[in-house]
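Take a look at the letters that make up each chain.
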Amino acid sequence: MKKLYLHELYTMDTKKYKLETQLIHAGVEPDPTTGAIMTPIYQTSTYVQQAPGVHKGYEYARTQNPTRTALQQALAAIEQGKHGLCFGSGLAATDAVLKLLNPGDEVIATNDLYGGTYRIFTKVFEKYGIRFHFTGMGDTSSIESYITEKTKMIWIETPTNPLLNIIDIAACAEIAQKNQLMLVVDNTFASPYLQNPLPLGADIVVHSATKYLGGHSDVVHGALIVNDDALHEQLKFIQNSCGAVPGPHDCWLVLRGIKTLHVRMQRHCENGEKVAHFLRQHPKVEKVYWIGFEDHPNHAIACKQMRGFGGMISFVLKGDNLDEAMKVLSGTKLFALAESLGGVESLIGHPASMTHGAIPREERIKNGLADSLIRLSVGIEDADDLIADLNAAIGE
Ligand SMILES: *Cc1c(COP(=O)(O)O)cnc(C)c1O
């Protein structure tokens, strides 16, 4: 009987479809051996060769795995890039990017970074002779004063964590191109549904797929997406040489998460808007950080480069009162007190002691991150229930 290779009959050019369709179909083809509509979890470490060097493109599972290949293709498509590469965590992906650098090179980074990114920069890579400069980038002109002949990379996160500042990606790309620097954008907070940095001129997109891409708080995973073939080869070399690859089951969970990214993000955005407005009118709340407010300092840039405002909100109580903040943090019932974000369930956190504990207090306060700041990852539960939960915890 002639073997039917389904992928030859059924390869889909997903580029012509809209994002919502790509989220379901990009990178995923029926399994060539059985026709299984969902990509199987190829739980194998190696692949049988017909003769030495004669194989189906898969030799050893650190280097290639079909489940990972499907995910890498899906990620590339939904970030409007050419190549995707997956890693065991967001920080493993960050680590791979930093390994492109040499001793003596300098990086200019935003001063409102994920705590773990700040830690790998300053505690791991500085000792290899790489220097990091941190600056506020709400106004991108601050970047240029740090550029020297040693500068190789600009590293941004937007929206930033946890202060929800917005950085103009296209403006950064212009500075990067003019000075022949690489622009890296950590797109974890926005997700590819709300923002695509590559078409705006970024060179590398970083994701912690642990967050919105996975979306269900059940996997730790990271990814890089690029357009440039040579850059892809370099990063793939690092991925294989250093070996921080994810297992096939974790790749499968992220593939599954991506299929509902658009419907989840739509609800995160709707709930985020309702919760932000509730907090803003609450008499015990001093300040709410949410990018959808028209008086947010960079609201116009957010509207220009994003498709929605997401579910991340931070707030400070009147008087920056740490004791009161602690009561709120342990008083909610639906909002679970936990690190991380981007899952279907709502989380509440205290950046100063949790996600940003790795940043020295002095540095934190200087950057506007108050001791009593509370961060919310608004989930996709009923918005009225979420608001009632916060109202009860904040009190009259
Ligand atoms: C969580 C996070 C990371 C790190 O990702 P892990 O998957 O936890 O290693 C990096 N950047 C941002 C913005 C994050 O939120």
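Counting restarts for each chain, with residues numbered from 1 along the sequence as it is written. Given that the model is predicted, a residue must reach a pLDDT of at least 70 before its local features are reported, and side-chain atom pairs must reach 80 or more before they are shown or counted; all residues, however, enter totals for whole chains, interfaces and linings. Hydrogens and water molecules were not included; the side-chain quantities draw on all heavy atoms of the structure.

Visitor: How should helix α9 (residues 229–242) be read in this particular structure?
Guide: An α-helical segment advances 3.6 residues per turn. Residues three or four places apart therefore align on the same side. Starting at the N terminus, helices and strands are each numbered in turn, a helix being any DSSP run of H or I of at least four residues and a strand any DSSP run of E of at least two. By this rule the span expected of a helix is its residue count minus one, scaled by 1.5 Å. Here α9 spans 20 Å end to end across 14 residues, near enough to the 20 Å set by a 1.5 Å rise per residue. Burial classes: relative accessible area under 20% of the type maximum marks a residue as buried, over 50% as exposed, and values in between as partly exposed (1.4 Å probe, protein chains only). For α9, the full list of buried residues reads Leu-231, His-232, Leu-235, Ile-238 and Gln-239. The buried residues of α9 occupy one face: seen down the axis, they fall within an arc of 125°. Should any heavy atoms of two residues lie within 4.5 Å, those residues are counted as being in contact. If you follow the buried residues of α9, they end up packed against α3 (66–78), β1 (83–87), α4 (90–98), β5 (182–186), β6 (204–208) and β7 (222–226). Polar contacts here mean pairs of N or O atoms no more than 3.5 Å apart (in protein, one a potential hydrogen donor and the other a potential acceptor; neighbouring residues in sequence count only if both atoms are side-chain atoms). You can read the cap of α9 off the contacts: a side-chain oxygen lies 3.2 Å from the backbone nitrogen of Ala-230, and it is on Asp-228. Where α9 terminates, the next one or two residues include Gly-243, which has phi positive at roughly 80°. The arc in question is traced by the directions running from the helix axis to the C-beta atoms.

Visitor: Please clarify how the domain arrangement of the chain should be interpreted in this entry.
Guide: The extent of an interface is frequently quoted as the accessible surface area lost upon association of the parts. Domain delimitation in this document rests on an assignment produced automatically or drawn from a domain database. Split by domain assignment, the chain resolves into domain 1 (6–258) and domain 2 (262–394). Domain 1 puts 43 residues into the contact, and the matching count from domain 2 is 41 residues. A 1.4 Å probe defines the accessible area here, and the buried area is the portion of it lost by two parts on being joined, summed over both. Where domain 1 abuts domain 2, roughly 3400 Å² becomes buried across the two surfaces, and 59% of that area is made up of carbon and sulfur atoms. Salt bridge, as used here: a side-chain nitrogen of Lys or Arg that lies within 4 Å of a carboxyl oxygen of Asp or Glu. At the junction of domain 1 with domain 2, the criterion picks out one salt bridge. The salt bridge involving Asp-168 is made with Lys-304; its shortest N-O contact spans 3.0 Å. Connecting domain 1 to domain 2 are 19 residue pairs in polar contact (both at pLDDT 80 or more). Elements that contribute at least two residues to the side of domain 1 that touches domain 2 include exactly α2 (19–25), α5 (115–125), α7 (169–178), α8 (191–194) and α10 (248–258). Per-class residue counts for the side of domain 1 that touches domain 2 are 23 nonpolar, 16 polar and four charged. Gly counts as polar in this scheme, as do all residues outside two lists: the nonpolar Ala, Val, Leu, Ile, Met, Phe, Trp, Tyr, Cys and Pro, and the charged Asp, Glu, Lys and Arg.

Visitor: What is the right way to look at the site of the ligand in this model?
Guide: We call a residue near a given molecule or strand whenever any one of its heavy atoms falls within 4 Å of it. Inspection of the region around the ligand gives Ser-89, Gly-90, Leu-91, Tyr-114, Glu-157, Asp-186, Thr-188, Ser-208, Thr-210, Lys-211, His-221 and Leu-341 as its neighbouring residues. Taking Gly-90, its main chain carries an N or O atom lying 2.8 Å from an oxygen atom of the ligand. Note that an oxygen atom of the ligand is positioned 2.8 Å from one of the side-chain N or O atoms of Ser-208. Relative to its unbound accessible area of 380 Å², the ligand is 93% covered by the protein chains. For the shell around the ligand, the class distribution of residues is three nonpolar, six polar and three charged. Surface accessibility follows the Shrake-Rupley procedure with a 1.4 Å probe radius. Residue values consider only the protein chains on display as shielding.

Visitor: What is the right way to read the sheet that holds β7 from this model?
Guide: Two pairing modes exist for strands in a sheet, parallel and antiparallel, and in both the strands are linked by backbone hydrogen bonds. The pairing criterion for strands is at least two bridges between them, as found by DSSP. Reading across from one edge, β1-β7-β6-β5-β4-β2-β3 is the order of the seven strands in this open sheet, with mixed pairing throughout. Each edge of the sheet is formed by a strand with only one pairing partner; in this case those strands are β1 and β3 (131–135). Neighbour-to-neighbour, the strand axes of the sheet open up by a mean angle of 20°, direction not taken into account. Examined bridge by bridge, strand β2 (residues 106–110) and β3 share five bridges and lie parallel to one another. Here the axes come from fitting lines to C-alpha atoms, over the contacting stretch only for helices, and the angles between their N-to-C directions go from 0 to 180 degrees.

Visitor: Which parts of the structure should I look at to understand the confidence of the model for the chain?
Guide: Any residue range with low pLDDT should be treated as having predicted coordinates unsuitable for detailed reading. Per-residue confidence from the prediction method is given by pLDDT, with values spanning 0 to 100. Here the chain averages 94 in pLDDT, while 97% of its residues score no lower than 70. Segment residues 4–10: pLDDT under 50, and eleven contacts once partners within four positions in sequence are set aside and those in other chains are kept.

Visitor: Looking at this structure, how should I read the packing of α4 against α5?
Guide: Think of two packed helices as two axes; the pair is described by the angle between the axes and how far apart they sit. Packing of α4 against α5 brings their axes to within 11 Å, and their N-to-C directions diverge by 45°. In this view, α4 runs oblique relative to α5, as classed from their interaxial angle. Taken as a pair, α4 and α5 cross one another with a handedness that is right-handed. Note on element contacts: α5 touches α4 through Gly-116, Thr-117, Arg-119, Ile-120, Phe-121 and Phe-125, opposite Leu-91, Thr-94, Asp-95 and Leu-98. When grouped by side-chain class, the residues that make up the contact of α4 with α5 number five nonpolar, three polar and two charged. Reported orientations rely on four angle classes, namely roughly parallel under 35 degrees, roughly antiparallel over 145, roughly perpendicular from 65 to 115, and oblique for the rest. Crossings are classed by handedness, with left-handed meaning an anticlockwise turn of the near helix from the far one by less than a right angle and right-handed meaning a clockwise turn.

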